[in-house]
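# A closer look at the structure
The chain contents come next:
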Amino acid sequence: MDTQIADMNTDQEVLFPGRVPQHIGIIMDGNGRWAKARGLNRSDGHRQGVENLRQILEACGDFGVKFVTIYAFSTENWRRPRAEVQFLLRIIDYYIDRELQALHEKGVQLRHVGDPSELSPRLQRKIQKAIDLTRDNTKLVLNVAFNYGGRAEIVKAVQDIIRDGIPAEDVTEATINHYLYTSGQPDPDLIIRTGGEMRLSNFLVWQSTYAEFYSTPTYWPDFDREALYKAIEFYSSRERRFGGVREDQKP
Ligand code: FPP
């Protein structure tokens, strides 16, 4: 389900001339190392990471990406020092306060991907209000993976399927898809990981089965529009076969 921006926006400037991923997942790694390299605190790195989101979301919109999922806080992040956890929890609060109106005006639909139940009731209400406000926006869907883990998401889906009394023989891949936080959305075509690691780290485990994986050593706060362009260029050059064979290799 790739969109050719050149085909779609014939009356607009072509910002990316190739195949554009419809859905990008981003593992925003390297905030701590970015800060350390500058003699700053880890929290300064996270702060700069939030700042960076604005230009990347804008660029995603310009390039014709329709869905972006950002890994903001994983179920494993609770293991970090208490002060850092508190800071990361405050970041989403701050992000909503500072960016919600601008995101709404730009047509961004906010979605939460993850378990809200471990967040404070106040934060849960705030997230829900942001979701409700932006529900009908269609320019770009921004999934914020917060208190998210891919395995936990699958476990929850299985539990909900059983609770709903769906007979085992009726459970298909479509059933599982329907019970995930990303229900109704296309799978990610491209996963970008900044900070150099080559792991998925429990991010969109089910959904990223056929995604292209792009890892760059660039730390997240330095990952700019040009870096995103390069990642999309990489994606554009890949041939996706979804387990099949190339046309010219068919017998
Ligand atoms: C990884 O860097 C980054 C995180 C755990 C958090 C990323 C969060 C943001 C950029 C802000 C989230 C935005 C919203 C909207 C809530 P790291 O600390 O693991 O870096 P390191 O590997 O260099 O130590």
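Values in this document were obtained by computation on a predicted structure and should not be read as measured data.

### With respect to the packing of helix H3 (residues 42–63) against helix H4 (residues 82–105)
At a minimum axis distance of 11 Å, the contact between H3 and H4 shows a crossing angle of 25°. Judged on the interaxial angle alone, H4 and H3 are roughly parallel. Between H3 and H4 lies a crossing whose hand is right-handed. The segment H3 lies against H4, with Arg42, Ser43, His46, Arg47, Val50, Glu51, Leu53, Arg54 and Leu57 engaging Glu84, Phe87, Leu88, Ile91, Tyr94, Tyr95, Arg98, Glu99 and Leu103. Residue classes in the contact of H3 with H4 are distributed as nine nonpolar, two polar and seven charged.

### Some details on the side chain of Lys126
Mapped onto the elements of the fold, Lys126 is located in helix H5 (residues 121–134). Discounting residues that sit within four places of it in the chain, Lys126 has contacts with Asp93, Ile96 and Asp97.

### Re the packing of aromatic side chains
Counted by the stated rule, this structure contains nine aromatic pairs. Consider the rings of Tyr214 and Phe234, whose centres lie 5.1 Å apart with planes at 45°: the pair is tilted. Placement of the pair is Tyr214 in strand E8 (residues 212–216) and Phe234 in helix H8 (residues 225–237), with a sequence separation of 20 residues. Note on Tyr214: relative accessible area 16%, which makes it buried. Ring geometry for Trp220 versus Phe223: centroids 5.8 Å apart, planes at 20°, classification stacked. Neither Trp220 nor Phe223 differs from the other in exposure class; each is buried.

### Quick look at the sheet that holds strand E3 (residues 23–27)
Taken in spatial order, the six strands make up an open sheet running E5-E6-E4-E3-E7-E8, and their pairing is parallel. In this open sheet, the two edge strands, each paired with only one partner strand, are strand E5 (108–113) and E8. Direction aside, the axes of adjacent strands within the sheet are offset by 20° on average. Of the pairings in the sheet, the one linking E3 to strand E4 (residues 67–74) comprises five bridges and is parallel in character. Of the residues in E4, the one forming a bridge with Ile26 is Ile70. Packing against the sheet, H4 makes contact with E4, E5 and strand E6 (140–148), and its axis sits at approximately 165° to E6.

### Things to note about the pattern of salt bridges
Pairing is possible between side chains of opposite charge, provided their charged atoms come close. Evaluation of the coordinates by the stated rule reveals 20 salt bridges. Residue Arg42 pairs with Glu84 through a salt bridge whose shortest N-O separation is 2.9 Å. Taken together, the residues span a long stretch of sequence, with Arg42 in helix H3 and Glu84 in helix H4 at a distance of 42 residues. Here Arg42 falls in the partly exposed class, since its relative accessible area comes to 39%. Notably, a salt bridge pairs Asp132 with Arg135, separated by 2.5 Å at the nearest N-O pair.

What counts and what doesn't
- Residues numbered from 1 in each chain as written.
- Predicted model: local features only at pLDDT ≥ 70, side-chain atom pairs only at ≥ 80, totals over all residues.
- Heavy atoms only, no water.
- Axes fitted to C-alpha atoms, helices over the stretch in contact; angles between N-to-C directions.
- Helix = DSSP H or I, 4+ residues; strand = E, 2+ residues; numbered from the N terminus.
- Parallel < 35°, antiparallel > 145°, perpendicular 65-115°, else oblique.
- Left-handed = near helix turned anticlockwise from the far one by under 90°.
- Contact = heavy atoms within 4.5 Å.
- Nonpolar A, V, L, I, M, F, W, Y, C, P; charged D, E, K, R; others polar.
- Phe/Tyr/Trp six-rings, centres within 6.5 Å; stacked < 30°, edge-to-face > 60°.
- Buried < 20%, exposed > 50% of the residue type's maximum accessible area, 1.4 Å probe, protein only.
- Pairing = 2+ DSSP bridges.
- Salt bridge = Lys/Arg side-chain N within 4 Å of Asp/Glu carboxyl O.

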